[in-house]
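Each chain, letter by letter, is given below.
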Amino acid sequence: MTNTYLNPTEVRERVEAKGTKFATVTFTKKDGTTRVKNGLFKPHSKIKGTGRPTPTGYIAIYSPNEQKWGMFAEDKVLEVK
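Here's what I pulled together on the structure shown here. (Residues numbered from 1 in each chain as written. Predicted model: local features only at pLDDT ≥ 70, side-chain atom pairs only at ≥ 80, totals over all residues. Heavy atoms only, no water.)

**A short note on the nonpolar core**
Counting 12 residues, the largest nonpolar core is built from Leu6, Val11, Val15, Ala23, Val25, Phe27, Phe41, Ile59, Ile61, Phe72, Val77 and Val80. Elements that contribute at least two residues to this core include exactly helix H1 (8-18), strand S1 (23-28), strand S3 (58-63) and strand S5 (77-80). Sorting elements by how many residues they give to this core places S1 first, with 3 residues. Residue contacts for Ile61: discarding those within four places in its chain leaves Val25, Lys37, Asn38, Gly39, Leu40, Phe41, Lys68, Trp69, Gly70 and Phe72. (Core = buried A, V, L, I, M, F, W, Y, C linked by side-chain atoms within 4.5 Å. Buried < 20%, exposed > 50% of the residue type's maximum accessible area, 1.4 Å probe, protein only. Helix = DSSP H or I, 4+ residues; strand = E, 2+ residues; numbered from the N terminus. Contact = heavy atoms within 4.5 Å.)

**Overview of the pattern of salt bridges**
Scanning all chains against the criterion turns up 5 salt bridges. A salt bridge links Arg12 to Glu74, with the shortest nitrogen-to-oxygen separation between them at 2.7 Å. Of the two residues, Arg12 is situated in helix H1 and Glu74 in the loop between strand S4 (68-73) and S5; the sequence distance between them amounts to 62 residues. Put simply, Arg35 and Glu66 hold a salt bridge, and the shortest N to O gap is 2.7 Å. Separated by 31 residues along the polypeptide, Arg35 in strand S2 (residues 34-39) and Glu66 in the loop between S3 and S4 bring together distant segments of the chain. Connected through salt bridges with shared partners, the residues Arg35, Lys37 and Glu66 form a single ionic network. (Salt bridge = Lys/Arg side-chain N within 4 Å of Asp/Glu carboxyl O.)

**Observations concerning the pairing of S1**
Of all the 6 residues making up S1, 5 are buried; the element is thus mostly covered by neighbouring parts of the structure. With 6 bridges joining them, S1 and S2 adopt antiparallel strand pairing. Of the residues in S2, the one forming a bridge with Thr24 is Asn38. In this antiparallel pair of consecutive strands, S1 and S2, the connection spans 5 residues, and Gly32 shows a positive phi of 95 degrees. (Pairing = 2+ DSSP bridges.)

**So, the packing of aromatic side chains**
For the structure on display, the rule yields 3 aromatic pairs. With 5.4 Å between their ring centres and 25 degrees between their planes, Phe27 and Phe72 make a pair best called stacked. Taken as a pair, Phe27 in strand S1 and Phe72 in strand S4 lie far apart in primary sequence, 45 residues in all. Residue classification places Phe72 among the buried residues on the basis of a relative accessible area of 1%. Among the aromatic residues, those joined into a cluster by ring pairs are Phe27, Phe41 and Phe72. (Phe/Tyr/Trp six-rings, centres within 6.5 Å; stacked < 30°, edge-to-face > 60°.)

Keep in mind these numbers describe shape, not what the thing actually does.
In structure tokens, the structure reads:
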């Protein structure tokens, strides 16, 4: 099966459009497996991160269920809902 990734520009636009609303992102991890992550790109609360900036080409997402930040490569996104 061949994955059809969204254009990184389109991914950034969809993330920006979500604002503080919940999103579901389907992406391919570095090891080649597909992952679905639910979370927020801009949470309202005072959630603390590590203080390190998100690397270029990646987008950070906060998962309330996991109670931690994660990130995904913007060029490996299959879907943003």
